[in-house]
Every structure is written in C-alpha cells, then in structure tokens.
Amino acid sequence: MLTGVKMSAVLGGWRSRVLTLRPPGVTRPLRGSLPLRSPGRGRRLSDTRTGAELRPLEGVRVLDLTRVLAGPFATMILGDLGAEVIKVERPGPGDDTRAWGPPFVGTESAYYLSINRNKKSISVDLKHPRGAGIIQELAAVCDVLIENYLPGKLDQMGLGYEQLRGVNPELIYCSISGYGQTGPQASSPGYDSIASAVSGMMHITGPEDGEPVRPGVAMTDLATGLYAHGAVMAALLQRHKTRTGVHIDCNLLSSQVSCLSHIAANYLNAGKEARRWGTAHESIVPYQGFRTKDGHIVVAAGNDKQFVKVCQVLELVELRDEPKYKTNKLRVQNRKELLHTLSQRFLQEKTADWLRRFEGSGVPVGPINSIQEVFSDPQVKHNGLILEMNHPTAGRIRVPGPAVRFSSFAHGEPTPPPLIGQHTVQVLRHTLSYSDDVIKTLLESRVVAQNEVS
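Here is a short report on the structure shown in this document. Just so you know, these numbers come straight off a predicted model, no measurement behind them. (Residues numbered from 1 in each chain as written. Predicted model: local features only at pLDDT ≥ 70, side-chain atom pairs only at ≥ 80, totals over all residues. Heavy atoms only, no water.)

Digging into the pattern of salt bridges
- By the definition in use, this model includes 25 salt bridges.
- We note a salt bridge from Lys119 to Asp64, for which the minimum N-O separation is 3.8 Å. Here the residue Lys119 occupies a position in the loop between helix H4 (110-114) and strand S5 (120-124), and Asp64 occupies one in strand S1 (residues 61-65), the gap between them amounting to 55 residues. Comparing Lys119 with Asp64, the two get one shared label, buried.
- Residues Arg117 and Asp80 are paired through a salt bridge, measuring 2.8 Å at the closest nitrogen-oxygen approach. Linking Arg117 in the loop between H4 and S5 with Asp80 in helix H3 (residues 70-80), this pair joins segments that are 37 residues apart in sequence. Of the two residues, Arg117 and Asp80, neither departs from the other in class, the shared state being buried.
- Residues joined by salt bridges that share partners form a network here, namely Glu315, Arg345, Glu349 and Arg357. (Salt bridge = Lys/Arg side-chain N within 4 Å of Asp/Glu carboxyl O. Helix = DSSP H or I, 4+ residues; strand = E, 2+ residues; numbered from the N terminus. Buried < 20%, exposed > 50% of the residue type's maximum accessible area, 1.4 Å probe, protein only.)

Structure below.
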C-alpha cells in the first residue's frame, strides 16, 4: 500500500509525465492545478435558457472511450439528455460497429448509426504518447469518462482512474467490462453473446423443447448500457454533494445476472432450476403467445378476473366454471389441457379479429409484430420512436428515438452520428485551446486525424 508521502511522489511524477506528453505550444495548466470545480458547473450557472429549451445534462461533458454497443448506448442516452459527448476513435477503422453490415447507408453501417447520435468524434492514436496526452488533457476538463477496455489496459497508457483523478478529482470514471474490474475472469474479453450464455440468459430463452436461443437483440449489452447511464446520473448527483468523483464498475455478467430477477430468486430460495418456456410463463397461465388463423397473438391473464374475461371473449364460458381452472395455481398445475383448448379456439379467427374482441376487456393482449409492423404502429409513431436526421454522407437517416419523454423539454432534431474524426480539430481548438500550428503538427505526425468531409 502506498503511504501519503509515496502517493504524493507518484502523483507528482505522473503530473510531470503528463506535462511532457502535452504537445509543444500548449501552456494551459492541467485541471489538477485548478480549484475543485466541475467544468460543467460554470456553464450551467451561466445558462439563462428557459426550461423548455434546457435539457437535464446541459453543461456536462462526457469523454467516451467506448465502442460497440453497451458503452455507446449509454453515452447516446447521456447525449440525448443534453451532455456534450466526445467520442474517441482509433484512426482508420474507428468504432468496430462501423463495419458491422450489411445493411449500410452510404458507407456507414446501420448498426453504428443506430447508437451514436448526439456525439462528436475525434480520431486519436492512444498508442502514441502524445495521443495519450491529449486524452489526459480532455479528462482534465470533462465531468465523466466512460470506457470499455480490458481492465488494466488504460492504466498502462496513463489513463486509469487512479491516474486521471490526480488531474481531475471530480471526474466520474465509468468502466464497462465483460466480468468486472477484479476477480478470476476480470481479464477475459466479454461480448454480449458470451455474457448471455454464461449468465444463464440463453439457458432460459428458446422453445420449451428446443435448444438455447440467443435473444434477438443484444439485451445484455443494452441492459449494461442502461445500468451505466443510471450509475453516471447517480454519480453526478453524489458529486454535487461531495465535490468528489468516483470509479464505477459496470459489467455484462453482473448486469444480466441481476436481471434474472424472479428466475434467480426461484433457485436461490427454493432450489428450483429454470427451464425454457418459449413465449409462456412458468408461473402464470394463460400468459403466452397463441397462433391465430393468420399470425400470432399474446394474451397475458395476470389474475383470476382477467382469466374469466378471456373465457368470455373466447366464448368458452364453461372453462370459467371448471374447478381445476378456478385459480392461477390450479391453472398452472393443469396447464397442458387448458392451453390445448385455448390454442384450438385462437386458430379459428384472424389476429385483427381477436384484437377487436379483446378491446375494452381489460385483458392485456397484443399481436406479435414484424419490424415493419412495429414502425407502422400509430402508438410507436405518436411516441416519437422514429427519429430522423441529416447525415453528412448518408443523407436522411432514421433510427429508433429516445424511449423516455420529459415534460420540461422536448427532444429536437439530434446531431447525426459523426464520421470518424469529424470533430478532431474542433475539439482540439475549442476545448483544449490548441494553436493551429500544434494541430497541424499532430495531424502531420498522425497522432490525430481529421475527416476530410468536414
């Protein structure tokens, strides 16, 4: 363990290295020598816009060292809420998802476009000492840093939490990994499909008598992104009280295991091993999808009153009075026979006809929509879930919009997902106050790159 004297010596030596890495001509002191004040707070205090225009995270600056899905999803949400997000990408290929296609819109993958709006992109070679120095200086003037490197990798570059809090004690540093920052698997790489398998998610997903199935979207990644976004928001509130930063450890394994909810509780408390149920529910009947004459419908009778309504709509009132179906517990015990009867009845009419019959009954029902049907749904359109914007090379694009709406502000048209290095010069010049000569030197030495389109 480092003593106070040794720690001071280490930090002092590290600050010297940071100064050495700063490009020539940059004389502005690093944030560690400034009073403890969030760079965002000054901007917030001076902002005089009305509540209808001011988003919750206006004035918060986020340094985004993530790629693929979990991290970019989290930073996109922060950007939707008004944060200035500076996305750091490696020169050349940039974020891995830029190549994840087809489909491509122009030269950009639809995958990348879906999760990177409201961000600036700077292209920096982190393997170059001067590139690492740029990131150190950006961390000094940012409120939040989010990264998803293998644990320990950024420490080797001088960009770990303990190192960066020396120049920015208020920095909120969020690490996203496969298994956590410590432990027997900490150094293992993690992708959604692996975490979904290891966490038990695949074990409980799929047909009742079939093989384990990967969910249709990367739910483990997305859940981790949501956890990370929530953790950062909580840390910003904590920092408002304590004026100190924090290191947040988010990982795919923990996110998915925590989302096992009652499945986990069934095992931990009753020793009950989970199994696959297809669209059905282990503990509620009927609560699943049924085939109709032309498609599928999902019916969720969550209580005995709703089951009675189902019987009335299906014109199977005799089931309502059957003793073995009187309670949910009995219906679960007699699942097979009841579901056979219901299934035969649902096959007799079309999905739209069943939906009309159930309307006003109080029973939750819905069709199993194709993606085309999803984005033709009037409620999806009403909720603003189709977001359009103009991209500099792809033209007019459409992506899924924010899931949450606020009464205090409206989501305007966002800035489109950036090109690789689209804002490199802008950030160096306006955020770090680099001179044009210094920027030119960095570009010529390929420490940074600027997209030609911009």
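Back to the text.
Examining the nonpolar core
- Ranked by internal contacts, the top residues of the largest apolar core, which has 32 residues, are Leu63, Ile134, Ile135 and Leu138.
- Listing elements by their share of this core, those giving two or more residues are S1, strand S2 (84-89), S5, helix H5 (129-140), helix H7 (161-164), helix H19 (424-431) and helix H20 (436-444).
- Top element by residues in this core is H5. It accounts for 4 residues.
- Apart from the residues lying within four places of it in its own chain, the contact partners of Leu63 are Ile86, Val88, Ile135, Leu138, Ala139, Cys142, Val144, Leu145 and Ile146. (Core = buried A, V, L, I, M, F, W, Y, C linked by side-chain atoms within 4.5 Å. Contact = heavy atoms within 4.5 Å.)

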